[in-house]
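# Observations on the model geometry
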Amino acid sequence: MPIPDYKLPYTIITSSGLDASQDKLVLEPILASSQRRYENPALFNLKAAWKSVIDAGLLADLADSLCFVAYASENAFPAHEKGLLVQHYGNGAHADKHFAKVLSIVEDNGNLFVTRKKLFPDFHFNHGDYKQVIEDEPYYYGSRVEDNARHCVMCKNWTLSDFAETFSPWIYFILEHKSHDDFLPGKFLDLAPFNLIVSPAGKTHPFDLEWQKTKPVPYQYILVRGLINTFHRIQPVSMPKVGTSLQYKELIKGIFSYFSLEYDENHIEKIWDSENFAHILELPCLSWEAATNHAMRLEINDVSSLLALVDCCASLDVQPAHLYDYIISLQKNIVSMQTQLKNMAKFVDNLKKRR
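Residues numbered from 1 in each chain as written. Predicted model: local features only at pLDDT ≥ 70, side-chain atom pairs only at ≥ 80, totals over all residues. Heavy atoms only, no water.

### Quick notes on the overall build of the chain
Just so we agree on the cut-off: Every helix listed is a DSSP run of H or I at least four residues long, and every strand listed is a run of E at least two residues long, numbered separately from the N terminus. Categorising residues by exposure relies on relative accessible area from a 1.4 Å probe, with only protein chains included: less than 20% of the type maximum marks a residue as buried, more than 50% marks it as exposed, and the intermediate range marks it as partly exposed. Residue contacts follow a heavy-atom distance rule, with two residues in contact if any of their heavy atoms lie within 4.5 Å. In this description, accessible areas are obtained by the Shrake-Rupley approach with a 1.4 Å probe, and a residue is regarded as covered only by the protein chains that are shown.
For the chain, the helix and strand inventory stands at 12 helices and 14 strands. Within the chain, the proportion of its 355 residues that are buried is 44%. Considering only contacts in the chain between residues 6 or more positions apart, those separated by 24 or more positions represent 67%. For the chain, the accessible surface area stands at approximately 19,500 Å², while carbon and sulfur atoms represent 55% of it.

### A look at the nonpolar core
What counts here: Here the nonpolar core consists of buried residues drawn from Ala, Val, Leu, Ile, Met, Phe, Trp, Tyr and Cys, with membership extended through side-chain atoms lying within 4.5 Å.
Counting 54 residues, the largest nonpolar core has Phe163, Phe167, Trp170 and Phe231 as the members making the most contacts within it. Contributing elements (two or more residues each) for this core: α4 (145-153), α5 (160-165), α6 (168-177), β11 (196-198), α7 (219-234), α8 (248-258), α9 (265-275) and α10 (288-292). Ranked by the residues each element gives to this core, the list is headed by α7, at nine residues. Look past the residues within four positions of phenylalanine 163 in its chain and what remains in contact with it is Ala149, Cys152, Val153, Trp158, Phe231, Ile234, Leu251, Ile255 and Met296. Ile3, Leu59, Leu103 and Tyr139 belong to the second largest nonpolar core, which has 18 residues in total.

### What to know about the packing of α6 against α7
Put simply, the test is: To get an axis, fit a line to the C-alpha atoms, keeping to the stretch in contact for a helix; angles then go from 0 to 180 degrees between the N-to-C directions. Between 65 and 115 degrees an angle is taken as roughly perpendicular, under 35 as roughly parallel, over 145 as roughly antiparallel, and anywhere else as oblique. By the definition used in this description, the sense in which the near helix is turned from the far one sets the handedness, with an anticlockwise turn below a right angle giving left-handed and a clockwise turn giving right-handed. Three classes are used: nonpolar for Ala, Val, Leu, Ile, Met, Phe, Trp, Tyr, Cys and Pro, charged for Asp, Glu, Lys and Arg, and polar for all others, with Gly counted as polar.
Direction vectors running N to C along α6 and α7 enclose 165°, while the axes themselves pass 10 Å from each other. The orientation of α6 relative to α7 falls into the category roughly antiparallel. Crossing of α6 against α7: the hand is right-handed. Between α6 and α7, the contacting residues are Trp170, Ile171, Ile174 and Leu175 on the first element and Tyr219, Ile222, Leu223, Gly226 and Leu227 on the second. Broken down by class, the residue content of the contact of α6 with α7 amounts to eight nonpolar, one polar and no charged.

### Quick notes on the environment of cysteine 152
Mapped onto the elements of the fold, cysteine 152 is located in helix α4. According to the relative accessible area criterion, cysteine 152 is buried, its value standing at 13%. Distance from cysteine 152 to alanine 164, taken between C-alpha atoms, is 9.6 Å for residues 12 residues apart in sequence. If we skip the residues at most four places from it in the chain, cysteine 152 touches Trp158, Asp162, Phe163 and Thr166.

### Observations regarding the sheet that holds strand β12 (residues 204-206)
The criterion, for reference: By this definition, two strands are paired if DSSP reports at least two bridges between them.
Spatially, the three strands line up as an open sheet ordered β9-β11-β12, and their pairing is antiparallel. The sheet is open, and its two borders are formed by β9 (143-144) and β12, each paired with just one other strand. In the sheet, β11 pairs with β12 via three bridges, with the strands oriented antiparallel. Pairing of leucine 196 across the sheet is with proline 206, part of β12. Running over the sheet, α6 touches β11 and β12 and is turned about 115° from β11.

### Observations regarding the pattern of salt bridges
A side chain with one charge can pair with a side chain of the opposite charge if their charged atoms come near. Defined as follows: Definition used for salt bridges: Asp or Glu carboxyl oxygen within 4 Å of a side-chain nitrogen of Lys or Arg.
Following the criterion strictly, the structure yields 17 salt bridges and no others. With its nearest N and O atoms 3.2 Å apart, the salt bridge here joins aspartate 55 to lysine 51. Of this pair, aspartate 55 and lysine 51 both sit in helix α3 (residues 46-55), separated by four residues, roughly a single helical turn. One network of salt bridges, with partners in common, ties together Arg144, Glu146, Asp147, Arg150 and Arg233.

See the structure below:
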């Protein structure tokens, strides 16, 4: 089952992957990472919808495309390697194809493993203190901290305290591993809420720590980088409790306060500017002000939620630009639906004529 579709799939789920028990394989995080970045964002939280689809057993039924393999004889080669459940392709935020890699989840003797390989194995990235690490790992069953945060903000009237609490396994992991002078080992450079699994027993497992540094990293940088990236990934969000800010900077400040962490913005800004390694990867290197000058988008499911957004715009600190983007996006969706309805009408007319 190719997702989003057969044209250029990010993720391929085999028949074995579809049949795998939910108490062994969690597909939601992979599906949430399969949305194309160049497509217009949906007015609702598409990533959050996958859990309901999977829980209802409708993943195969709601697939927008399927791939069938037909053989001319019984001796044909297999469609995929034995035990393959899922394959996921991607290169993160990089436009450079040389960073592209493929992740496979494979079952062997009842155990699941994650294998990773570069699609351009001759390309090696090493830049001073930074390096790229692609390695195989055991498959850790559980929920990512990011997914728990997304589920939180999909509940109406969510509060900053509710939201902050979802990050507790990740933040406590960081605090437990930092040194007395507030540094983390460089291998944790890529430790973010979407790179930490929490098992049903409450045990935490870091995974896919692709970017690493040979020198220690200030723990505050790991925190703010992880939070900002997570804010980008989990939106749009449901309407929070009145008075809850959606501004990145206010959310970061509130989460620091919830865990009694010192928040000195001038100090954090200096750390951000000195540790930000995006330019090394040829990615936009945003200043602290530019990185935090955002507000999480609100979900719009119907006209009433759009009106509520307008009414609560001031109290929620939503900038007019975000509201304008929503209205434009809504107009595009309406035009798209009108086009689809016209095409369906033509199709029905053609069927009638054939009869």
